[in-house]
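The chain contents come next:
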Amino acid sequence: MELWVTEYQTPSLGFSCKATQTLRTEQTQYQHLAVVETEQFGRMLLLDGMVQTTEKDEWVYHEMITQVALNAHPNPQQILIIGGGDGGTLREVVRHPGVVKGTLVEIDDRVVEASRDFFPELCRAFSDPKAEVVIRDGIEYIKERRACFDVVIVDSTEPVGPAVQLFSAEFYQNVFAALKEDGMLVAQSESPFFNADVIKMAYTGIKQAFPIAELYLASIPTYPSGLWSFTVGSKVHDPRLPLMAYEQACKYYNSQIHEAAFKLPGFVSRIIED
Ligand code: AG3
């Protein structure tokens with residue numbers, strides 16, 4: 001019998017992968033978690049039926065959510081990741097030469113455990129001396145911090161379930177307060193084809209809190225529509241300019257991609273124009 005795993009990307013579009021094995025399915029305290037072995041993309045992590053990452057294309061997302069801000073900031077030493085319990089973003093953070101400490105704050109310890117059990121390429125950062133993993137609600141964590149991070153990365157799920165508030169204007173203001181005076185925020189902000197409303201909400205909230213707000217894109221095969229957006233908020237530095245262009249061992253990110261990623265198709269520019 002053939003086994004297929006499907007994410008319903010819209011009510012009328014399914015993205016299906018042939019699976020060879022179901023490695024884990026469980027209801028955690030916060031969400032439904034599944035790990036399946038697929039033929040096309042290797043191991044795949046799904047939360048509430050939505051693809052979070054796969055072995056074969058995780059590097060596009062993890063490099064692009066991390067290396068753009070870390071290379072546009074002149075001195076990115078203290079980095080906070082909210083969400084991202086699989087560890088892929090943390091791996092990118094700790095390998096950047098300027099970073100002194102990468103703190104990951106994940107609400108659901110079962111995501112961290114699934115990564116430890118099934119995603120050796122993602123979880124290796126957990127044991128890095130520069131890394132700290134905290135199991136807590138990032139919304140609460142950020143409220144208690146003032147002017148202590150150079151870059152905050154929001155590696156969230158979609159704005160449903162535990163992540164809803166991670167797209168709110170109030171949360172972005174709390175991130176602003178937790179950043180140092182020249183800090184930067186980067187948040188994953190969904191597909192311009194299917195989630196224009198989410199992009200608008202993230203961009204508007206970030207623009208209210210930060211003097212500089214910019215959107216950039218990357219091509220991620222296993223996410224809805226394959227075209228994905230990230231939104232940066234910055235206090236001082238222009239996120240579009242790669243200062244350091246640390247790109248060794250990157251498979252997607254380089255300094256030309258950095259600049260090109262901010263060039264937007266007309267339909268995407270129009271989402272964030274008011
Ligand atoms: N976080 C963003 C995943 C969004 C995917 N959406 C979807 N499949 N509908 C990924 C976490 C990886 N560290």
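Keep in mind the model is a prediction, meaning the values are calculated, not measured.

### With respect to the site of the ligand
Point 1. Looking at the ligand, there are 14 residues lining it, with Glu 7, His 62, Asp 86, Asp 155 and Glu 158 nearest.
Point 2. Take Val 51: an N or O atom from its main chain is 2.9 Å from a nitrogen atom of the ligand.
Point 3. Looking at the shell around the ligand, the elements with two or more residues in it are β5 (50-54) and α1 (58-72).
Point 4. Top element by residues in the shell around the ligand is β5. It accounts for three residues.
Point 5. Looking at side-chain class alone, the shell around the ligand contains six nonpolar, four polar and four charged residues.
Point 6. Taken together, domain 1 (3-54) and domain 2 (58-273) each give at least three residues to the shell around the ligand, which thus spans both.

### Examining the pairing of β5
Point 1. Among the five residues in β5, five count as buried, and that is most of the element.
Point 2. Here strand β4 (residues 42-47) runs beside β5; their pairing, made up of four bridges, is antiparallel. Along β5, the bridge assignment pairs Leu 45 with Thr 53.
Point 3. Linking β4 back to β5 in an antiparallel pair, the connection comprises two residues, with Asp 48 at a positive phi of about 50°.

### Digging into the sheet that holds strand β3 (residues 32-38)
Point 1. Within the open sheet, the five strands sit side by side as β1-β2-β3-β4-β5. Their pairing is antiparallel. Bordering the open sheet on either side are β1 (3-10) and β5, each of which pairs with just one other strand. Across the sheet, the mean angle separating the axes of adjacent strands is 45° when strand polarity is ignored.
Point 2. Along the sheet, helix α3 (residues 109-118) makes contact with β2 (13-27), β3 and β4, crossing β2 at roughly 95°.

### So, the domain arrangement of the protein chain
Point 1. When cut into domains, the protein chain gives domain 1 (3-54) and domain 2 (58-273).
Point 2. Averaged C-alpha coordinates put domain 1 and domain 2 at centres separated by 23 Å.
Point 3. Contacts between the two partners involve 23 residues from domain 1, matched on the other side by 23 residues from domain 2.
Point 4. Together domain 1 and domain 2 conceal approximately 2100 Å² of surface at their shared face, both sides included; 64% is due to carbon and sulfur atoms.
Point 5. In terms of surface lost to domain 2, no three residues of domain 1 exceed Arg 24, Tyr 30 and Thr 53, which account for 24% of the buried area on that side.
Point 6. On the surface where domain 1 and domain 2 come into contact, there are two salt bridges.
Point 7. Across the pair Glu 26 and Arg 110 runs a salt bridge whose closest N-O atoms are separated by 3.0 Å.
Point 8. The tally of links from domain 1 across to domain 2 stands at seven residue pairs in polar contact (both at pLDDT 80 or more).

Calculation criteria
- Residues numbered from 1 in each chain as written.
- Predicted model: local features only at pLDDT ≥ 70, side-chain atom pairs only at ≥ 80, totals over all residues.
- Heavy atoms only, no water.
- Near = heavy atom within 4 Å.
- Polar contact = N/O pair within 3.5 Å; in protein donor to acceptor, adjacent residues only side chain to side chain.
- Helix = DSSP H or I, 4+ residues; strand = E, 2+ residues; numbered from the N terminus.
- Nonpolar A, V, L, I, M, F, W, Y, C, P; charged D, E, K, R; others polar.
- Domains from an automatic or database assignment.
- Buried < 20%, exposed > 50% of the residue type's maximum accessible area, 1.4 Å probe, protein only.
- Pairing = 2+ DSSP bridges.
- Axes fitted to C-alpha atoms, helices over the stretch in contact; angles between N-to-C directions.
- Contact = heavy atoms within 4.5 Å.
- Buried area = accessible area lost by both parts, 1.4 Å probe.
- Salt bridge = Lys/Arg side-chain N within 4 Å of Asp/Glu carboxyl O.

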